[in-house]
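This is what each chain is made of:
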Amino acid sequence: KNIMKFKTLTLTEGNSIATIEFNRPESLNAVNEQLVWDFQEATSSVRNNDSIKILVIQGEGRAFCAGADLSEKNSSWNGSKDALIRGYKPFFENIIEMSKPVIASINGPAAGVGASIAMACDLRIMSKDAYILSVFSNIALVPDGGLSWMLTRFLGYAKAYEYAIEAKKIDSEVCLKYGIANKVVEKNNLKEETLKWANELIKRPSQSLSLTKKLMRESFNNSFWEIYAKEAEIQNNLTKSEQNHEAVKAFFEKRKPNFD
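Residues numbered from 1 in each chain as written. Predicted model: local features only at pLDDT ≥ 70, side-chain atom pairs only at ≥ 80, totals over all residues. Heavy atoms only, no water.

Undergrad: Would you explain unusual backbone geometry in this entry?
TA: Negative phi is the rule for most residues except glycine; trans is the rule for most peptide bonds. The residue Asn 15 is not glycine, and still its phi comes out positive at about 55°. We note that Ser 16 has phi near 70°; this positive angle belongs to a residue other than glycine. Tracing the backbone shows Ser 16 in the loop between β2 (9-14) and β3 (17-22). According to the relative accessible area criterion, Ser 16 is partly exposed, its value standing at 25%. (Helix = DSSP H or I, 4+ residues; strand = E, 2+ residues; numbered from the N terminus. Buried < 20%, exposed > 50% of the residue type's maximum accessible area, 1.4 Å probe, protein only.)

This is the structure in structure tokens:
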């Protein structure tokens, strides 16, 4: 395994799986400026590494990420807009635009921008006591990091607005009900279940993982027929590709395909 230690997080790569773990447990993995730069670098590294098929994001200790570090006194940000555009946006772009699935493994609170990071991922597995929280209204702010857009997509306008303005925890049960969480597991099984899921996904054809992500992400701002046309284009390229050929051959030979 290749382990890269940053000041605020650890990037581990091996067996086609990368894991980014936030390592500020004493502050519930709150996001300070150093974490922003580390997270940009770590997500860029994974995005550009063709040997990685899945990225898992998790937090050390009791939380996934408790949001922006309000105790940080000195930073280079020239206001919140600068932090959001120059600081946070590049790592959100890496998560959303990388060609591999990103799993958020949520072991506790995912609050504020921590909720935004969790929601920006493609898939979410939560421990039973974990929750998503748009905490911003508690300090007279609005959801940011794209959270206003993402919560509304999952919960519908009225519920998203209610949870945001009242700063109410969206517990794992509600997350499962609304499709925010794909899976909910016991806390002490979370890492094991996350790894098991990642290991199942790396056996899937990489072109299906990446191009389905691309099409479904683009469906949010394209019409039905625009996506229909993009599907036809992509499918035309994939039909008779190596992975397609291997899968069809395996089907007729009654064996599991090998996509390595």
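What follows picks up the thread again.
Undergrad: Looking at this structure, how should I read the nonpolar core?
TA: If you look at soluble globular proteins, the nonpolar side chains tend to sit buried side by side. Core analysis: the largest hydrophobic core is formed by 50 residues, its most contacted members being Phe 22, Phe 39, Ile 57, Phe 64, Ile 106, Ile 132 and Ile 170. Beyond its immediate chain neighbours, meaning those up to four positions away, Ile 132 contacts Ile 106, Ala 110, Ala 115, Ala 118, Met 119, Met 126, Lys 168, Lys 169, Ile 170, Cys 175 and Ile 180. Core analysis: the second largest hydrophobic core is formed by 13 residues, Val 56, Ile 103, Leu 190 and Ile 202 among them. (Core = buried A, V, L, I, M, F, W, Y, C linked by side-chain atoms within 4.5 Å. Contact = heavy atoms within 4.5 Å.)

Undergrad: Got a minute to help me understand the pairing of strand β5 (residues 102-106) in this structure?
TA: Each regular strand carries side chains that alternate between the two faces of the sheet. Most of β5 is tucked away: five of the five residues are buried. Along β5, one buried face is formed by Val 102, Ala 104 and Ile 106 and the opposite face, lined by Ile 103 and Ser 105, is buried too. Two strands pair when backbone bridges link them, and strand β4 (residues 54-59) and β5 are joined in this way by four bridges, in the parallel orientation. Considered in β5, the bridge of Gln 58 is made with Ser 105. Taking the sense of rotation as the criterion, the β-α-β connection linking β4, helix α2 (residues 80-97) and β5 turns out right-handed. Direction of pairing for β5 relative to strand β7 (residues 123-127): parallel, over a ladder of four bridges. Pairing of Ser 105 across the sheet is with Ile 125, part of β7. (Pairing = 2+ DSSP bridges. Right-handed = clockwise from strand over helix to strand, strands pointing away.)

Undergrad: Quick question: what am I supposed to make of the pattern of salt bridges here?
TA: Any two side chains of opposite charge can pair, on the condition that their charged atoms come close. This structure, assessed with the given rule, holds 18 salt bridges. Between Lys 191 and Glu 21 there is a salt bridge, with the nearest N and O atoms lying 3.2 Å from each other. Here Lys 191 is found in helix α7 (residues 190-201), whereas its partner Glu 21 is found in strand β3, with 170 residues between them in sequence. Classification of Lys 191 as exposed rests on a relative accessible area of 51%. In this structure Glu 21 comes out as buried when scored by relative accessible area, which is 15%. (Salt bridge = Lys/Arg side-chain N within 4 Å of Asp/Glu carboxyl O.)

Undergrad: I tried to follow the packing of helix α1 (residues 33-47) against α2 on my own but got confused; where do I start?
TA: Any two packed helices are characterised by the angle at which their axes cross and by the distance between the axes. For the pair α1 and α2, the least separation of the axes is 9 Å and the interaxial angle reads 25°. Between α1 and α2, the angle is such that the two are roughly parallel. In the crossing of α1 with α2, the sense of the turn from one axis to the other is left-handed. Of the residues in α2, those in contact with Val 36, Trp 37, Phe 39, Gln 40, Thr 43, Ser 44 and Arg 47 of α1 are Arg 86, Gly 87, Tyr 88, Pro 90, Phe 91, Glu 93, Asn 94, Ile 95 and Glu 97. Here the contact of α1 with α2 is built from residues that sort into seven nonpolar, five polar and four charged. (Axes fitted to C-alpha atoms, helices over the stretch in contact; angles between N-to-C directions. Parallel < 35°, antiparallel > 145°, perpendicular 65-115°, else oblique. Left-handed = near helix turned anticlockwise from the far one by under 90°. Nonpolar A, V, L, I, M, F, W, Y, C, P; charged D, E, K, R; others polar.)

Undergrad: Is there a simple way to explain the pairing of β3 in this structure?
TA: With respect to burial, β3 is a largely interior element, six of its six residues being buried. Here β3 shows no split at all, with Ile 17, Thr 19 and Glu 21 on one side and Ala 18, Ile 20 and Phe 22 on the other all buried. Sheet topology note: the β2/β3 ladder contains six bridges and is antiparallel. In the strand pairing of β3, Glu 13 is matched with Ala 18. Remark: two residues form the turn of the hairpin made by β2 and β3, two consecutive strands paired antiparallel; Asn 15 in that turn has positive phi of roughly 55°. In terms of strand pairing, β3 meets β4 through six bridges, oriented parallel. By the bridge assignment for β4, Ile 17 is matched with Ile 54.

Undergrad: Explain the state of the cysteines here, please?
TA: Put plainly, two cysteines are in a disulfide when a covalent bond ties their sulfur atoms together. According to the stated counting rule, one finds zero disulfides in the structure shown. Cys 65 takes part in no disulfide bond, and the closest cysteine sulfur, belonging to Cys 121, lies 11 Å away. On the accessibility criterion, Cys 65 (0% relative accessible area) is buried. Owing to a relative accessible area of 3%, Cys 121 belongs among the buried residues under this scheme. (Disulfide = S-S within 2.5 Å.)

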